[in-house]
Amino acid sequence: MSDALRNKIRSFILENYLFTTDPSELGLDDSLLDRGIVDSSGMLEIILFLEESLGVVMKDEEMI
């Protein structure tokens, strides 16, 4: 994954779930679920963001 793509996804999560732009608030290997940043609804929102803005297509079985 390119740095630009990684930064776009990370920025989306920081701004929409942690309400910050400080990248030190989210490590690259942090589990969003384990840290309580998102729940299952939040994961669906992130998937929708990936699909709409990046053209990624997620199969239902990949979301489990």
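Further up the page is the structure itself.
First things first, this report covers the structure right here in the doc. Bear in mind that the values here come from a model prediction, so they are computed numbers and not experimental data. Per chain, residue numbering runs from 1 following the sequence as it is written. pLDDT decides what is reported in this predicted model: residues at 70 or higher carry local features, side-chain atom pairs at 80 or more are listed and counted, and totals for whole chains, interfaces and linings draw on all residues regardless. No hydrogens and no water enter the side-chain calculation; it runs on all heavy atoms of the structure.

Right, let's talk about the packing of aromatic side chains for a bit. Stacked, edge-to-face and tilted are the three classes for Phe, Tyr and Trp ring pairs, Trp counted by its six-membered ring, which pair at centre distances within 6.5 Å; planes under 30 degrees apart are stacked, over 60 edge-to-face, the rest tilted. Throughout the structure, instances matching the rule amount to two aromatic pairs. Here Phe-12 and Tyr-17 contribute two aromatic rings whose centre-to-centre distance is 6.2 Å and whose plane-to-plane angle is 70°, an arrangement assigned as edge-to-face. The pair Phe-12 / Tyr-17 is uniform in exposure class, with both members buried. Between the aromatic rings of Phe-12 and Phe-49, the centroid separation amounts to 3.9 Å while the plane-to-plane angle is 5°, which identifies the pairing as stacked. Separated by 37 residues along the polypeptide, Phe-12 in helix α1 (residues 3-18) and Phe-49 in helix α2 (residues 40-54) bring together distant segments of the chain. To sort residues, take the accessible area from a 1.4 Å probe on protein chains only and compare it with the maximum for the residue type: under 20% means buried, over 50% means exposed, and anything in between is partly exposed. Numbering of helices and strands starts at the N terminus; helices are DSSP runs of H or I of at least 4 residues and strands are runs of E of at least 2.

The topology assignment puts Ala-4 in helix α1. Ala-4 sits in the exposed class, given a relative accessible area of 58%. C-alpha of Ala-4 to C-alpha of Asp-60: the two residues are 56 residues apart in sequence and 27 Å apart in space.

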